[in-house]
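Secondary and tertiary structure notes
Each chain, letter by letter, is given below.
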Amino acid sequence: MHQHCEPVDPFTHVHEAQGQVYFGALQSLFRSTPILGSILQIAAVASLCTSAVGVCAAVVATLSSAFVAGVTSGNLGAALKAGLITAVTIVAFNVVGGMTNVAEGGQFSLLNHTPAAFGTGAYAFNVAGHAAVGCLTTMASGGKCGSGALAGGAGAAATPLIQTASNGSFVGGLAMSSVVGGVASVAGGGKFGNGAVTAAFGYLFNSGAGSISRMLDGQDAHRALQQWLQRQGIDGLFTEASSDGLGTSFWGRVDIGNAISGEIWEIKPNNPVQLFLARVMAEFYAATADGPTQYDAGGNGLPLPTGALNTVRGSYTYTNAGDGAILWSYNNANQSYTFSPSTSPKFVLPPITPIPVIP
Amino acid sequence: MSLADDHPLLHVVHTWCGRRFTQNTFSELGFSLHLRWQERITEFCGQHQVSILDRYWDEVARETMESLGQGNPNTREFSIQPKNRSIFLDELFAARALVEPPFKSPPLVKCLFEHYKKTYFDNEFRQAELVAFEKLQQEESARLGITAVGWTGRKKDAVPFVDAFGLRLNFQRQGNRWRKRNDNGLVFDIGVDTAGNPFCTKPPLIFRIFHANEPRYAFEIENLDVLARLVPGVGMYGRCAGPESYVLGIKGYIELFDVIASSLEKRAMNCASN
């Protein structure tokens, strides 16, 4: 009898086998050390969405939850369920944030959340709301209500302190929230990793939010400086362009470039993570510039406004941090519609009253 | 076979009427910021530099047109070689002093580079120039009857203005593009750049010139500085401080693009006034 054999492409075959080995190794790792899955979920959002764009964080959080659950269980259904629960959790945290706005006398918004001031009714509502969401989503995942509620509630309760301690750092705030949520979850009889993820998501999509506002502020700060530079009438200086007009093109839109000096600058918010990113992006654009002109990350010579630039939306100051990084900061401490280190409510410990010594 | 034989666009741009014809025609339409800029440069450099400046600007413009903006006349490096490479610019390049860091590709006329450095480093000088040009912009806007009704600063605000200015010059609207064809088979295409930051920092226009027989091979002008090498000083139309100056810039660049279209028509007819 003639036996039909499918031809085997040895190259494809080897790659499939390698893929199975990697998947198996990752599965073993996640099963033996579950905290790694939690770290991956939080780190994915922190690393891919450092500019804190809400949509980015929501998509990455959902996909990373589904990925970790799928790899750990080896089950597509579990992956889809985890992704769905994460998506619902994100919506729920955003609803709590919007209702907190209302409790503070503002308007309901799914995307723009004003951090509740410590000790106010809105603050209590926010903590309770986070606890409720933590409880429900943890139960939906097969966990205990108490540990989820503690993780969500503790993360929200600690937010004013975290915002002050992290000095406005997105990644720093996220890490602190994760630890608080993890510890609270353990205290409630749950797993550290689950609590860390619950609290981190709570921070991302509510307490630490205002992300859309920050994105709009970022656009506004970019526009203000770029327009100012255009107005200076300096030959060869170009803004928000993917070519220098002299035959050299870039892999994206360069914030600021100078065709005469061959320099590139990126505009970012003033914090250590964004400083690093600005330098990386300036180097990236310089390295991938394609054309006759050689570009480098920009130096300190770029003219910048000596005072603040004011727009309808806000007021910004700019610093040349060198190596292609131009950092913007809020100039007006009363930009109340945005989250910023300078406007977030300060957590102040209640005064300590000395205990009277009884003779 | 030469490059010009390969692409009909390169063949036509080689017949361009040149910087002076384009500049004069544009000026006759009532636009003057570029002339004021050139006057200030001449004042800075001194009258004895006028002929050198004029020749430098002429030859940079021709090389820019013939290389479709794909090259830097100041460094003599081109991705598309101009058919008539300028010997004058080659000589200026060979004779230039050592490059002063960080300026790798300075203008080849010394006083232009000195003016550039003064603008770059001298805040007081720059602010005085800025004030003077913003006053000129206001005067020109008033003279040309510019109104900015509906302008909020978003890039998409440019669409109705491009529509009005383009249609008046017989550009036909096709979606969000405006096109006209000249008698040399070239298509002149205006687009509005609405990508990236939704707010304007300059007139949000993208221009393309291509031959009707070869639409993919185009002279694409995304960075409007290219136009300032064809007519020195038109970069002043990209310095926008408020609604009127944005609308003036949009109108100025579209009118200039239309003049470039006519300057690339059959040479015998159109360069006669030069």
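Refer to the structure presented above.
None of these values were measured; they are calculated from a predicted model. Residue numbers restart at each chain and count upward from 1, following the sequence in its written direction. Following the order in which they are written, the chains are lettered starting with A and the ligands numbered starting with 1. Given that this is a predicted model, residues contribute local features only at a pLDDT of at least 70 and side-chain atom pairs are listed and counted only at 80 or more, while totals for whole chains, interfaces and linings are drawn from all residues. Water and hydrogen atoms play no part in the side-chain values, which are based on all heavy atoms of the structure.

To qualify as a helix, a DSSP run of H or I must reach at least 4 residues; to qualify as a strand, a run of E must reach at least 2; elements of each kind are numbered from the N terminus. Counting secondary structure elements, chain B contains 12 helices and seven strands. By residue count, 58% of the 274 residues in chain B fall in the buried class. Excluding contacts between residues fewer than 6 apart, the proportion of contacts in chain B whose partners are at least 24 apart in sequence is 63%. With the model as given, the accessible surface of chain B reaches about 11700 Å², and the carbon-plus-sulfur share is 53%. Buried means the residue's accessible area, taken with a 1.4 Å probe over protein chains only, is under 20% of the maximum for its type, while exposed means over 50%, and partly exposed covers the values in between. Contacts are residue-level and defined by heavy atoms, with any inter-residue pair within 4.5 Å sufficient. Each accessible area value is a Shrake-Rupley result obtained with a 1.4 Å probe; residue values ignore everything except the protein chains displayed when judging cover.

Moving on, we get to helix α3 (residues 19-28) of chain B. Most of α3(B) sits inside the fold, with seven of its 10 residues counted as buried. Every buried residue belonging to α3(B) is among R19(B), F21(B), T22(B), Q23(B), T25(B), F26(B) and S27(B), and all of these are buried.

So, on to empty space enclosed by the protein. As defined here, a cavity is a set of points on a 1 Å grid over the protein atoms alone where a 1.4 Å probe fits but cannot get out. A pocket is an open set with protein on both sides within 12 Å along at least five of seven lines, and residues line them when an atom is within 4 Å of a point. Grid points are joined across faces, edges and corners, and a volume is the space filled by probe spheres set on the points. For the structure on display, the rule yields five cavities of 30 Å³ or more. Taken as a whole, the largest cavity holds about 820 Å³ of empty space. Together, 45 residues line the largest cavity, and D235(A), G236(A), D225(B), A228(B) and R229(B) are the ones closest to its centre. At the level of elements, α10 (211-231) and β1 (237-243) of chain A together with α4 (33-45), α5 (50-66), α7 (110-121), α8 (123-143) and α10 (225-230) of chain B are the ones that each hand at least two residues to the lining of the largest cavity. Per element, the largest residue contribution to the lining of the largest cavity is four residues, and it comes from α7(B).

The subject of this paragraph is the side chain of S67(B). Residue and element names in this part refer to chain B. Within the secondary structure, S67 sits in the loop between α5 and β1 (71-72). In this structure the side chain of S67 is engaged in a polar contact, spanning 2.7 Å, whose partner is the backbone oxygen of E63. Among residues more than four places away in sequence, those in contact with S67 are F78, I80 and P82. Think of a polar contact as two N or O atoms within 3.5 Å of one another; within protein, one of them needs to be a possible hydrogen donor and the other a possible acceptor, and neighboring residues in sequence only count if both atoms come from side chains.

Each pair of packed helices can be summarised by the angle the axes make with each other and by the distance between the axes. Residue and element names in this part refer to chain B. Note on definitions: angles span 0 to 180 degrees between N-to-C directions of axes, and those axes are lines fitted to C-alpha atoms, for helices only across the stretch in contact. It is the contact of α3 with helix α11 (residues 243-263), at a shortest axis distance of 9 Å, that shows an interaxial angle of 135°. It follows that α3 is oblique to α11 by the angle criterion. Our pair here, α3 against α11, has a crossing hand that is right-handed. Within the contact between the two elements, α3 uses F21, T22, T25 and F26 and α11 uses G252, E255, L256, V259, I260 and S263. Only Asp, Glu, Lys and Arg are considered charged in this grouping, and only Ala, Val, Leu, Ile, Met, Phe, Trp, Tyr, Cys and Pro are considered nonpolar; every other residue, Gly among them, is considered polar. Classifying every residue of the contact of α3 with α11 by side-chain character gives five nonpolar, four polar and one charged. Each angle gets one of four labels, with under 35 degrees taken as roughly parallel, over 145 as roughly antiparallel, 65 to 115 as roughly perpendicular, and the rest as oblique. For any helix crossing, the convention is left-handed if the near helix is rotated counterclockwise from the far helix by under a right angle, and right-handed if that rotation is clockwise.

The salt bridge criterion pairs a side-chain nitrogen of Lys or Arg with a carboxyl oxygen of Asp or Glu, the two atoms within 4 Å. Throughout the structure, instances matching the rule amount to 30 salt bridges over all chains. Salt-bridge contacts for E63(B) lead to R76(B); the nearest nitrogen and oxygen are separated by 2.7 Å. Of this pair, E63(B) sits in helix α5 while R76(B) sits in the loop between β1 and β2 (77-78), and the two are 13 residues apart along the sequence. The pair E63(B) / R76(B) is uniform in exposure class, with both members buried. The residue E139(B) makes a salt bridge to K135(B) at a minimum N-O spacing of 3.0 Å. Highlighted residues: E139(B) and K135(B), both in helix α8, separated by four residues, approximately one helical turn. Using a relative accessible area of 37% as the deciding quantity, one classes E139(B) as partly exposed. One continuous salt-bridge network, built from bridges that share partners, spans E240(A), R253(A), K155(B) and D193(B).

Moving on to helix α4 (residues 76-103) of chain A. All names here are of chain A. Here the expected length of a helix is defined as 1.5 Å per residue gap, with one fewer gap than residues. Compared with an ideal rise of 1.5 Å per residue, which puts 28 residues at 40 Å, α4 spans 40 Å between its outermost C-alpha atoms and is within 8% of the ideal. The opening residue of α4, the one whose side-chain oxygen lies 2.7 Å from the backbone nitrogen of G77, is N75. Backbone geometry just downstream of α4 places G105 in the positive-phi region, at approximately 95°.

Moving on: the interface of chain A and chain B. Each partner contributes residues to the interface: chain A has 40 residues there, and chain B has 43 residues. Carbon and sulfur atoms supply 45% of the area that chain A and chain B bury against each other, a total of about 3400 Å² over both sides. Summed over the shared surface of chain A and chain B, the result is four salt bridges. The salt bridge involving K155(B) is made with E240(A); its shortest N-O contact spans 3.1 Å. On inspection of chain A and its partner chain B, the count reaches 25 residue pairs in polar contact (both at pLDDT 80 or more). Those elements giving two or more residues to the side of chain A that touches chain B turn out to be α10, β1, β2 (249-258) and β3 (263-269) of chain A. Considering every element that reaches the side of chain A that touches chain B, the biggest residue donor is α10(A), with eight residues. Residue composition of the side of chain A that touches chain B, by class: 13 nonpolar, 19 polar and eight charged. Buried area: the accessible area, evaluated with a 1.4 Å probe, that two parts lose upon being put together, summed over both parts.

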